[in-house]
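Structural overview
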Amino acid sequence: MKQISCALTYIIATGCVLGGVVLHAAAAPADELIKPRVVRLDFTISQEGSGSVLAADVDGDSVREFVVTAPGHIGVYRIDGERVWHSEANIFFSGSRSGSLLPGLHAPGVQVADVDGDGAADLLFLDPSDMIHILDARTGRERRAVRVVHPAGSDRWEALTVANLRGSGDRDLVLQTTAAKQYRVAHYVAAYAIDKLDGPPLWKNDSFGAPAHGPLRVADLDGDGRDEVCGFTILAAHGRPTDWRYPPIDKHNAGGASFHIDSLFIADVRPDVPGLEVVLLEEGRNYLALVNYRQGLLWWKTNRRQEPQNAAVGEFDTNRPGLEIWCRSRYNTHQKPWVFDSQGRIISAYELDDLAPQDWTAEGVEVITPIYWTGEKVQLAVAKERHTRGDVCLFEPIGGRFVARFREQADRLYVADVTGDWREEIIVASGNELHVYENPAKNPRPHQPRLWQQQHYRRSKMTWDYYSP
């Protein structure tokens, strides 16, 4: 196992305490050591995958509340369990009921931002009739509702994402939907000024290179103060694609095999390259790509044509430059993860069965998310048991060691800094409750800036879904 930091390696080797959790070769049941805060909800999270949770500051006090959604419901709750408001709402989700792929399995289906510049947060969602609802995020009262006509060839708008396209802040909205027939990838994209939703779009694109399982993502990739729209096509703020192209389907690229993008992540993987990078995982050709907005494809690598399928991107080895990319592998059981460094070299590979607790499901892990849990520079990863309302674990991505286990019946898993000390907490949605696990140990670096100051962090925590947490 690679040295990820002297302190962490010592702790793991000696079985000392990391954040109140005893670390041994077999992960300690952390629910006996860390009791979560419990937030009781007014409704139950849907087990079919519709609706979820996100953290957002709804009242401007710099403390994040939980915005929780499920079919027919939106609720806002404080970390102390107090309900801010709850409302019935005909919010549109993906899933078997809608027959849609968007906004993505486990996606919350809402956006929270100050979209009119009045200093107060708004909450936006779509209903099944193309109506965009804009609510006062503090109270749940509706401020405005506007119907936006969906494109020809689609059934309805299916996902919305707040963006800063004109350099004026979160004043723009990107709508996305799938084709009504055949292979339902969300190629239809249109951008609107939020104060002119009843007017013409800023731009539209009917051939966007979309992820296959979830929505587009937005972030300011090049630091110019405006967002780009990201899939395997990257659109500039004005809607035009870059002058480079992702490797096309032809005989020179993996023999012409077809592909679709399973997962998409945005991070500063290569600090030596200006701007942020987009990480793309393919199914079909089974490659992983690192893309820069200005420079294009930095690398396109495969691990013997095994499908990566899901990933976690983070600072998993502080002795290496840049970030690492952990790939879960496609196998339905007995997963075999591997790790790329920032240059596209495979630096670690193992079998999950050799490291997971004996009674962990053979189907492995899902909703894998990097987490700053210890307060050190190195990150761990958190995940839940796959394809079941199961337990949650913390593990070390480079070597695969499970360092903690939380006995749970997890329907959703979310990671964010919600207590305010810059470290991140584990938020588990289980039925009609949220369980919030925080590290009780002293923060070794208390003066680190909060992660919410990073624009792409804020964006990712608002647009996550099952495949791209």
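Quick summary incoming for the structure in this document. (Residues numbered from 1 in each chain as written. Predicted model: local features only at pLDDT ≥ 70, side-chain atom pairs only at ≥ 80, totals over all residues. Heavy atoms only, no water.)

1. Some details on empty space enclosed by the protein
Summed over the entire model, instances satisfying the criterion amount to three cavities of 30 Å³ or more. Taken as a whole, the largest cavity spans an internal volume of roughly 140 Å³. Taken together, 16 residues form the lining of the largest cavity, with Pro103, Gly109, Gln111, Ala159 and Leu160 sitting closest to its centre. Elements with a contribution of two residues or more to the lining of the largest cavity: β9 (110-113) and β13 (159-163). (1 Å grid on protein atoms, 1.4 Å probe; cavity = no way out; pocket = protein on both sides within 12 Å on 5 of 7 lines; lining within 4 Å. Points joined across faces, edges and corners; volume = space filled by probe spheres on them. Helix = DSSP H or I, 4+ residues; strand = E, 2+ residues; numbered from the N terminus.)

2. So, the packing of aromatic side chains
With the rule as written, the count across this model stands at 14 aromatic pairs. Arranged with centres 5.5 Å apart and planes meeting at 45 degrees, the rings of Trp299 and Phe340 form a pair that is tilted. Taken together, the residues Trp299 in strand β23 (residues 296-301) and Phe340 in strand β26 (residues 338-340) connect sequence positions 41 residues apart. As far as burial versus exposure is concerned, Trp299 and Phe340 are alike and both buried. (Phe/Tyr/Trp six-rings, centres within 6.5 Å; stacked < 30°, edge-to-face > 60°. Buried < 20%, exposed > 50% of the residue type's maximum accessible area, 1.4 Å probe, protein only.)

3. Observations regarding the pattern of salt bridges
Counted according to the given criterion, the structure contains 31 salt bridges. Its salt-bridge partner being Arg138, residue Asp136 comes within 3.1 Å of it at the nearest N-O pair. We note a salt bridge from Asp222 to Arg294, for which the minimum N-O separation is 2.6 Å. Remark: Arg294 occurs in the loop between β22 (288-292) and β23 and Asp222 occurs in the loop between β17 (217-219) and β18 (228-230); sequence separation between them is 72 residues. Taken together, the salt bridges that share partners define one network made up of Asp116, Asp118, Asp122, Asp136, Arg138 and Arg143. (Salt bridge = Lys/Arg side-chain N within 4 Å of Asp/Glu carboxyl O.)

4. Quick word on the sheet that holds β18
The sheet built from three strands is open, its strands ordered β17-β18-β19 with antiparallel pairing. Edge strands, defined here as strands with exactly one partner in the open sheet, are β17 and β19 (234-235). Note: β17 against β18, three bridges, orientation antiparallel. For Ala219, the partnering residue across the bridge sits in β18 and is Glu228. (Pairing = 2+ DSSP bridges.)

5. Section: the sheet that holds β26
Strand pairing in a sheet relies on backbone hydrogen bonds, with the paired strands running either antiparallel or parallel. Spatially, the four strands line up as an open sheet ordered β24-β25-β26-β27, and their pairing is antiparallel. Two strands close off the open sheet at either side, each with one partner strand: β24 (311-314) and β27 (346-349). Direction aside, the axes of adjacent strands within the sheet are offset by 20 degrees on average. Sheet topology note: the strand β25 (residues 324-327)/β26 ladder contains three bridges and is antiparallel. Across the sheet, the residue bridging to Ile325 is Phe340, located in β26. (Axes fitted to C-alpha atoms, helices over the stretch in contact; angles between N-to-C directions.)

6. A few points about the pairing of strand β30 (residues 392-395)
Of the two faces of β30, the one carrying Val392 and Leu394 and the one carrying Cys393 and Phe395 are both buried. Counting the residues that bridge the hairpin from strand β29 (residues 380-385) to β30 gives six residues, and of these His387 lies at a positive phi of roughly 60 degrees. Pairing between β30 and strand β31 (residues 402-406): four bridges, direction antiparallel. Each residue of the ladder has a partner; that of Val392, found in β31, is Phe406. Between β30 and β31, which pair antiparallel one after the other, the connecting turn spans six residues, and Gly400 there sits at a positive phi close to 90 degrees.

7. Quick look at the nonpolar core
In terms of nonpolar packing, the biggest core is built from 61 residues, with Phe66, Val67, Leu123, Leu394 and Ile426 touching the most fellow members. The next biggest cluster of nonpolar side chains, apart from the first, holds 20 residues, and it includes Tyr246, Ala254, Ile261 and Leu276. (Core = buried A, V, L, I, M, F, W, Y, C linked by side-chain atoms within 4.5 Å.)

Purely geometric numbers; function is a separate question.
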